[in-house]
Amino acid sequence: MEIVCERFTTSKLQKFEDLAAISTYGFRGEALASVSHVAHVTITTKTADGKCAYRASYCDGKLKAPPKPCAGNQGTQITVEDLFYNVSTRRKALKSASEEYAKIVEIISRYAIHNSGKSFAVKKHGETVADVRTLANASTVDNIRAIFGNAVCRELIEVGCEDPNLAFNLKGYVSNANYSVKKCIFLLFINHRLVESSALKKAIEAVYAAYLPKNTHPFLYLSLEIAPHNIDVNVHPTKHEVHFLHEDSIVESVQKHIESKLLGSNSSRTYFTQTLLPGPAISSDDVLKPASSSAAAGASDRVYAHQMVRTDFRAQKLDAFLQPANKTQTEPSELAVSECGSSRQPEQCDMDMQELNDADLLAGISEDLDIEDFMGDVKETGDSENSSLVNPPPRKRHRIGSDVEMKDDEGASDTTAASVPKRRIIKLTSIKELRSEISEQAHKGLQEMLQNHSYVGCVNPQWALVQHQTKLYLLNTTKLSQELFYQILIYDFGNFGVLRLSTPAPLYDLAMLALESPESGWTEDDGPQEGLAQYIVEFLKKKSEMLYDYFSMEIDEEGNLAGLPLLLDNYIPALEGLPMFILRLATEVNWDDEKECFESFSRECSMFYSIRKQYILEDPALLEQQTEELGSSGTSWKWTIEHVVFKAFRTLLAPPKHFTEDGSILQIANLPDLYKVFERC
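Residues numbered from 1 in each chain as written. Predicted model: local features only at pLDDT ≥ 70, side-chain atom pairs only at ≥ 80, totals over all residues. Heavy atoms only, no water.

### Comments concerning the overall build of the chain
Quick reminder of the rule: For helices the rule is a DSSP run of H or I covering at least 4 residues; for strands it is a run of E covering at least 2, with both sets numbered from the N terminus onward. Accessibility here uses a 1.4 Å probe with only protein chains present; expressed as a share of the type maximum, an area under 20% marks a residue as buried, one over 50% as exposed, and anything in between as partly exposed. Only the protein chains shown count as cover for residues, with accessible areas throughout obtained via the Shrake-Rupley method and a probe of 1.4 Å.
Each helix and strand counted, the chain has 23 helices and 21 strands in total. Buried residues in the chain amount to 42% of all 681 residues. Total accessible area computed for the chain in this model is approximately 36,800 Å², and 51% of it derives from carbon and sulfur atoms.

This is how it looks when you write it as structure tokens:
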């Protein structure tokens, strides 16, 4: 410790020839000596076999006093205080403490990434939390994640190559084409020293120019090992920039290797979308005037082109009135619905289907009506036609008669819905609580968007595009329809019509079909399928009275499924999912608690009724072939989604708040931003 701060003490050179092959951070041994001349240096050290530590202070390269024994941990601690205390001119040249600290953090963090086997910590004096901290057992990728974040870490590509002829070895990590930043982050280590190489940086950025957007740059961490005698470290006063032998060839080799890695990773691109409404909610104050009304507005109310809404959500399409036949086939039986009643004509049924359009329904809802009023029960007195003038319009039209059935006659109307003269008033506390939960979770901004949207089209059965004001949204039809049918089951509890099967379907056969499906997860440890199927039949038969009374689900004494609840006019669920629905009723519904029973049953039922991609034939040729084989003209799934499901979204759905966070509704474009893009072109 006596001579540690004297010049040349820590030099690594043993002989003159060592100057030609320097592989250390320094070689003259003057770092500690230089610091001790401009600062107060204190060194505390303890060896592995030492009984205690020793502390010594230095000034101008000399020991102030003999080392003193003290308590300390194994290792060496060097403390530098009052930097440039005796060189006032140099001290004034220092920038602010925050700027100097930021430079220290930058240097240490880069060395921490490179030295993955060692632990680094950088902490400002007086602070308790370190700004940089890496663990000794962390990998290079872990250190990059800790310092630069998870966004860059998940987009890294490992690179590595070597060339014995050029005497170099490369390893490191670079970002792929999915990641870009405004300023290039380039960590270059040559022989474990942090340096810069402008030639190598330009060559690599030229490769990325073909993959990244304009004026964006990649993240690069490269560790290059070159024969020490091929490096010239004296081209820069601070050794910050170096040149090396065969520089052009090595740069070209590295450039080609990185380009080959990028070509292999460019087979797929990842785009992160932003879910709807991450911040302020949509409000009615933001609604813009349609183009038709803007023409009559004065100069003060002028709507510019990039703010103009050229569609009217109240407008209807012609094909909404050209309803195709709605007949769906199922394996065990055929589902059909009869006419409204024996005394009514088919023409009257057709009139019922079209008696309320979107504009009429929306016009009947007062502006100050909250969700509870909008979605709540409607109690009618006397004849339904007379009371409609007094009471606000119900959530959906009531049904004539307790049962509604479908027949296969060509002359009969396909789906018929009507209303009962008096609606059952449900006073169960559990149902009221479930309705209250729906109201509390409803998002007013999303509800307004769904009420006033303009339907654009289907991407596939799962996704559809809608426009609201000047924004284009991508909606998850599966999740929205599932929530729609759940809310219908809760709000229309005990007031459903019946979709009656023309031939009752045996529950045993449905359960066996479900157990044979891989989706059921059945294993031999669960027992024989026949025994489980028989148990499901007996279990559901015990619940048949409750299921019929509350949900209009008919199960006869022989264990056959005779009817399903009619949740939405002109809509029949995909019956391919019926076997799994029956299985999940017996296994996933909590039948012990009243509230949980109603909620879990409604969730399972809404899943069965929802639009599910796996049960829909998207290919028109296959759909037409199936239609010919079954001998019926099936309804187009696109027509059903647009004119039945999305029409119900306008009036019946109170979208929950979590739809803004789980990707169910995505904003993919808006008119003002598109104008900005076109203006730059």
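### Digging into the pairing of strand β9 (residues 168-175)
Consecutive side chains along a regular strand alternate between the two faces of the sheet. The condition that has to hold: Only strands joined by at least two bridges in the DSSP assignment are considered to pair.
With 6 of 8 residues buried, β9 lies mostly within the body of the structure. In this sheet, β9 lies alongside strand β8 (residues 156-163) in antiparallel orientation, the contact comprising 8 bridges. For Glu162, the partnering residue across the bridge sits in β9 and is Asn169. Hairpin connection, β8 to β9: the antiparallel pair is bridged by 4 residues, and Ala167 has positive phi, about 55°. The pairing of β9 with strand β12 (residues 219-226) spans 7 bridges and is classified as antiparallel. When the sheet's bridge partners are listed, Gly172 is paired in β12 with Leu222.

### Some thoughts on the sheet that holds strand β16 (residues 463-468)
Selection rule: Orientation is described by lines fitted to C-alpha atoms, with helices fitted over the stretch in contact, and by angles between N-to-C directions that extend from 0 to 180 degrees. Contacts are assigned to residue pairs with any non-hydrogen atoms lying within 4.5 Å of each other.
Spatially, 4 strands are ordered β15-β16-β17-β21 in an open sheet, and the strand pairing comes out antiparallel. At either margin of the open sheet sits one strand with a lone partner, and together these are β15 (454-458) and β21 (665-670). Between one strand axis and the next, the sheet turns through 25° on average, direction left out of account. Sheet strands in contact with helix α14 (residues 444-451) are β16, β17 (471-476) and β21, and its direction is about 95° off that of β16. Sheet contacts for helix α15 (residues 477-491): β16, β17 and β21; angle to β17, the most-contacted strand, approximately 70°.

### Comments concerning the nonpolar core
Stated formally: Throughout, nonpolar core names a set of buried Ala, Val, Leu, Ile, Met, Phe, Trp, Tyr and Cys residues whose side chains join them through atoms within 4.5 Å.
If you look at the biggest cluster of nonpolar residues, it comprises 76 residues, and the most contacted ones within it are Leu561 and Ile582. In terms of residue count, the dominant contributor to this core is helix α22 (residues 637-652) (9 residues). In this structure Leu561 touches Leu501, Pro504, Ala505, Leu507, Leu510, Met553, Glu554, Ile555, Leu578 and Ile582, once residues within four positions along its chain are discounted. The next biggest cluster of nonpolar side chains, apart from the first, holds 32 residues, and it includes Cys161, Leu200, Phe244 and Val254.

### Re the confidence of the model for the chain
Defined as follows: In predicted models, pLDDT denotes the confidence assigned by the predictor to each residue on a 0 to 100 scale.
This prediction gives the chain a mean pLDDT of 76; 71% of its residues lie at or above 70. Segment residues 276-299 is flagged for pLDDT under 50; beyond a separation of four residues in sequence, or across chains, it makes 36 contacts in the model. pLDDT under 50 marks residues 626-634. Its contacts with residues more than four places away, or in other chains, come to 10 contacts.

### Some remarks on the sheet that holds β8
Read from one edge of the open sheet, 5 strands run β8-β9-β12-β10-β11, paired in mixed fashion. Each of the sheet's edge strands pairs with one partner strand only, and the pair in question is β8 and β11 (193-195). Here the strands of the sheet are splayed against their neighbours by 20° on average, with no regard to which way each runs. Inspection of the sheet shows strand β10 (residues 185-190) paired to β12 by 6 bridges, in the parallel sense. Bridging across to β12, Ile190 finds its partner in Leu224. Sheet contacts for helix α7 (residues 247-265): β8, β9 and β12; angle to β8, the most-contacted strand, approximately 145°.

### Description of the environment of Asp556
The topology assignment puts Asp556 in the loop between β19 (554-555) and β20 (560-566). On the basis of relative accessible area, Asp556 is assigned to the partly exposed category, the value being 23%. Taking the C-alpha atoms as reference points, Asp556 and Pro506, separated by 50 residues in sequence, lie 9.6 Å from one another. Leave out the neighbours within four places in its chain, and Asp556 touches Pro504 and Lys541.

### Here we look at the pattern of salt bridges
Convention followed: Counted as salt bridges are all cases of a side-chain nitrogen of Lys or Arg within 4 Å of a carboxyl oxygen of Asp or Glu.
Using the criterion set out here, one finds 10 salt bridges in the structure. Across the pair Glu437 and Lys595 runs a salt bridge whose closest N-O atoms are separated by 2.7 Å. Taken together, the residues span a long stretch of sequence, with Glu437 in helix α13 (residues 429-441) and Lys595 in helix α20 (residues 594-609) at a distance of 158 residues. Judged by its relative accessible area of 33%, Glu437 falls in the partly exposed class. Linking Arg603 and Glu483 is a salt bridge whose minimum nitrogen-to-oxygen distance equals 3.3 Å. Placement of the pair is Arg603 in helix α20 and Glu483 in helix α15, with a sequence separation of 120 residues.

### Here we look at the packing of helix α16 (residues 507-516) against helix α19 (residues 578-587)
The test is simple: By the definition adopted for this analysis, an angle is roughly parallel if under 35 degrees, roughly antiparallel if over 145, roughly perpendicular if from 65 to 115, and oblique otherwise. In this count, Pro and Cys sit with the nonpolar residues alongside Ala, Val, Leu, Ile, Met, Phe, Trp and Tyr, while Asp, Glu, Lys and Arg are called charged and the others, Gly among them, polar.
Packing of α16 against α19 brings their axes to within 8 Å, and their N-to-C directions diverge by 95°. Between α16 and α19, the interaxial angle falls into the category roughly perpendicular. Counted together, Leu507, Leu510, Leu513, Ala514 and Leu515 of α16 and Leu578, Pro579, Met580, Ile582 and Leu583 of α19 form the full contact between these two elements. Residue composition of the contact of α16 with α19, grouped by class: 10 nonpolar, no polar and no charged.

### Concerning unusual backbone geometry
With a phi close to 70°, His192 is a non-glycine residue in the positive phi region. Along the polypeptide, His192 turns up in the loop between β10 and β11. One non-glycine residue, Gln469, adopts positive backbone phi at about 55°. Residue Gln469 is classed as buried on the basis of its relative accessible area, which comes to 10%.

### Describing the packing of helix α17 (residues 529-542) against α19
Look at α17 against α19: their axes get within 10 Å of each other, and the N-to-C directions meet at 70°. With respect to α19, the axis of α17 lies roughly perpendicular. For the pair formed by α17 and α19, the contact residues are Ile536, Phe539 and Leu540 on the first element and Ile582, Leu583, Leu585 and Ala586 on the second. For the contact of α17 with α19, the residue count by class is 7 nonpolar, no polar and no charged.

### Let's talk about a nonpolar patch on the surface
Worth spelling out the cut-off: Here, patches come from residues exposed beyond 30% relative accessible area and free of salt bridges, joined within 9 Å for like charges and within 5 Å for nonpolar side chains (Val, Leu, Ile, Met, Phe, Trp, Tyr).
Judged by side-chain polarity, Ile78, Val80 and Leu83 come together as a nonpolar surface patch covering roughly 240 Å² of accessible area. A relative accessible area of 38% places Leu83 in the partly exposed class.

### Some words on a negative patch on the surface
Quick note on the threshold: Counting rule for charge: Lys and Arg are taken as positive, Asp and Glu as negative, and neither His nor the chain ends is counted. Taken as the charge location is NZ of Lys, CZ of Arg, CG of Asp or CD of Glu.
Taken together, Asp592, Asp593, Glu594 and Glu596 make up a surface patch of like negative charges. Take Asp592: it is sitting in the loop between α19 and α20. Classification of Asp592 by relative accessible area gives exposed; the value is 77%.

### Focus: the state of the cysteines
Test applied: Any pair of cysteine sulfurs within 2.5 Å is marked as a disulfide.
Scanning all chains against the criterion turns up 0 disulfides. With no disulfide partner, Cys70 has as its closest neighbouring cysteine sulfur the one in Cys52, 7.2 Å distant. Of the residues examined, Cys70 reaches a relative accessible area of 18% and is grouped as buried.

### Re the environment of Lys432
Along the polypeptide, Lys432 turns up in helix α13. Between the C-alpha atoms of Lys432 and Lys595, which are 163 residues apart in sequence, the distance is 9.8 Å. Non-local contacts of Lys432, meaning those with residues more than four positions away in its chain, are made with Ile426 and Lys427.

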